[in-house]
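# Geometric and topological summary
Residues per chain, in single letters:
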Amino acid sequence: MAKQTAGRDQLGKFAPKFAELNDDVLFGEVWSREDKLSLRDRSLITVVALMSKGILDSSLEAHLINAKKNGISQEEMSEIITHAAFYAGWPNAWATFRMAKEVYEESE
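These figures come from a predicted structure and were not determined experimentally.

Before going further, it helps to spend a moment on the nonpolar core. In a soluble, globular protein the nonpolar side chains are often hidden away together inside. By size, the foremost hydrophobic cluster in this structure holds 18 residues, and its most contacted members are Leu64, Met77 and Tyr104. Residue assignment for this core shows that the elements contributing at least two residues are α3 (39-53), α4 (58-69), α5 (74-88) and α6 (90-105). Sorting elements by how many residues they give to this core places α5 first, with 6 residues. In this view, Met77 contacts Val47, Leu64, Ala67, Ile72, Ala100 and Tyr104; residues no more than four positions away in its chain are not counted.

Here α4 is 12 residues long and its end C-alpha atoms lie 16 Å apart, about the 16 Å a rise of 1.5 Å per residue gives. Buried within α4 are the following residues: Leu60, His63, Leu64 and Ala67. Projected onto a plane normal to the axis of α4, the buried residues spread over an arc of 105° and lie on a single side. Exposed side chains of α4 directed beyond 90 degrees from the buried face belong to Ser58 and Lys69.

Definitions and limits used
Residues numbered from 1 in each chain as written. Predicted model: local features only at pLDDT ≥ 70, side-chain atom pairs only at ≥ 80, totals over all residues. Heavy atoms only, no water. Core = buried A, V, L, I, M, F, W, Y, C linked by side-chain atoms within 4.5 Å. Buried < 20%, exposed > 50% of the residue type's maximum accessible area, 1.4 Å probe, protein only. Helix = DSSP H or I, 4+ residues; strand = E, 2+ residues; numbered from the N terminus. Contact = heavy atoms within 4.5 Å. Expected span 1.5 Å × (residues − 1). Arc of directions from axis to C-beta.

Below, the structure written as structure tokens:
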């Protein structure tokens, strides 16, 4: 997994401790524990968690891109969102589908 620098790049001067925790702990330690959960599984969980909380912004888009890079196919993502819709809310699923459709159509 590539070293994460988004926290420092975007918030380093404004919120240095948060940036450090984001880059070094969340992505540096938690996401790197591939012996516990694969990046693919972490991506799946993260997309569903963001969708269920209604976080339908660039964070979700970034994690949809990561999910695609981590091997979740368009068909699988469609099934994941459909299944989660019943638990996370229909409007959240619609918003996630719109974003996922754009992400997955980019490489076609």
